[in-house]
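Report on the structure
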Amino acid sequence: MAEPGTRAAEAAADRGWRLRHLPVLLVASVLLAALAAVVGGVTRGPAGALGAAAGVALTAASYTLTTVVLAWADARDPQLVLPFGVGVYVAKMSLLGAVMVLVASTGWSGLIPLCLGIAAGVVVWTGVHVWWLSTVHARRVHS
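Let me sum up the structure you'll find in this document. (Residues numbered from 1 in each chain as written. Predicted model: local features only at pLDDT ≥ 70, side-chain atom pairs only at ≥ 80, totals over all residues. Heavy atoms only, no water.)

**Remarks on the nonpolar core**
Formed by L22, L25, A28, A60, W125 and V128, the largest nonpolar core amounts to six residues. Residue assignment for this core shows that the elements contributing at least two residues are α2 (22-76) and α4 (111-142). In terms of residue count, the dominant contributor to this core is α2 (four residues). Leaving out residues up to four positions away in the same chain, L25 has contacts with W125, V128 and H129. (Core = buried A, V, L, I, M, F, W, Y, C linked by side-chain atoms within 4.5 Å. Buried < 20%, exposed > 50% of the residue type's maximum accessible area, 1.4 Å probe, protein only. Helix = DSSP H or I, 4+ residues; strand = E, 2+ residues; numbered from the N terminus. Contact = heavy atoms within 4.5 Å.)

Structure (structure tokens):
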């Protein structure tokens, strides 16, 4: 196991590594949101288009927040990652639950497309992140 200061020194030499993947994931999310809006619009009209795109945007915002908070915590002290990660997760899931209950109580016809947009956003974000780690990041590490 490396000394605590060794990892910090290596990370300081390459400050951008914690967020390097974020632009690729955000571009993928924007493309998915556009596609989701078209599919939602064709299948459920304007409310479907808005709901599907909002679901993807909600997922992207959630993952972006987590990424930024964890990068900040890791840059300060790697031991902060777990408490900040758990805290952000609890806060996000509580907020998401409240938003879903609020939206469901309105009877809005875009609720199902919103849920499908969230699910699609999770699948695409995770898939692109795995792709990025296994190809782009792997090449950087082995170079």
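Past the structure itself, the notes keep going.
**A look at a nonpolar patch on the surface**
Among the surface-exposed residues, L82, V86, Y89, V90 and M93 lie close enough to one another that they form a single nonpolar patch of about 500 Å² accessible area. The residue Y89 is located in helix α3 (residues 81-106) in this model. (Patch = residues over 30% accessible without salt bridge, like charges linked within 9 Å, V, L, I, M, F, W, Y side chains within 5 Å. Areas by Shrake-Rupley, 256 points an atom, 1.4 Å probe, with all protein chains shown as cover. Salt bridge = Lys/Arg side-chain N within 4 Å of Asp/Glu carboxyl O.)

**With respect to the side chain of R18**
Among the structural elements, R18 can be located in the loop between α1 (4-13) and α2. Classification of R18 as buried rests on a relative accessible area of 12%. Among the polar contacts listed, one links the side chain of R18 to the side chain of D74, at a separation of 3.1 Å. (Polar contact = N/O pair within 3.5 Å; in protein donor to acceptor, adjacent residues only side chain to side chain.)

**Digging into the packing of α2 against α3**
Packing of α2 against α3 leaves a shortest axis separation of 9 Å and a crossing angle of 160°. Considering the angle they form, α2 stands roughly antiparallel to α3. Considering only the axes of α2 and α3, their crossing is right-handed. On α3, the residues touching L58, S62, Y63, L65, T66, V69, L70, W72, A73 and D74 of α2 are V81, F84, G85, V88, K92 and L96. Per-class residue counts for the contact of α2 with α3 are 11 nonpolar, three polar and two charged. (Axes fitted to C-alpha atoms, helices over the stretch in contact; angles between N-to-C directions. Parallel < 35°, antiparallel > 145°, perpendicular 65-115°, else oblique. Left-handed = near helix turned anticlockwise from the far one by under 90°. Nonpolar A, V, L, I, M, F, W, Y, C, P; charged D, E, K, R; others polar.)

**As for the environment of W108**
By the element assignment, W108 lies in the loop between α3 and α4. Between the C-alpha atom of W108 and that of A47, which follows or precedes it by 61 residues, the distance is 7.8 Å. When sequence neighbours within four positions are dropped, the list of residues in contact with W108 reads A47, L50, G51, V103 and L114.

**Comments concerning the packing of aromatic side chains**
One pass over the structure, following the stated rule, counts two aromatic pairs. For the ring pair W72 and F84, a centre distance of 5.2 Å and an interplane angle of 65° mean the geometry is edge-to-face. Here the residue W72 occupies a position in helix α2, and F84 occupies one in helix α3, the gap between them amounting to 12 residues. (Phe/Tyr/Trp six-rings, centres within 6.5 Å; stacked < 30°, edge-to-face > 60°.)

**Some points on the pattern of salt bridges**
Scanning the model with the defined rule gives one salt bridge in all. R18 is the partner of D74 in a salt bridge, and the nearest nitrogen-oxygen pair spans 3.1 Å. On the criterion of sequence distance, the pair formed by D74 in helix α2 and R18 in the loop between α1 and α2 is long-range, its members being 56 residues apart. Of the two residues, D74 and R18, both sit in the buried class.

**Overview of the environment of G87**
By secondary structure assignment, the location of G87 is in helix α3. Taking relative accessible area as the criterion, G87 reaches 38% and is therefore assigned partly exposed. Sequence separation of G87 and T66 is 21 residues, and the distance between their C-alpha atoms is 10.0 Å.

Any link to function would need more than the numbers given here.
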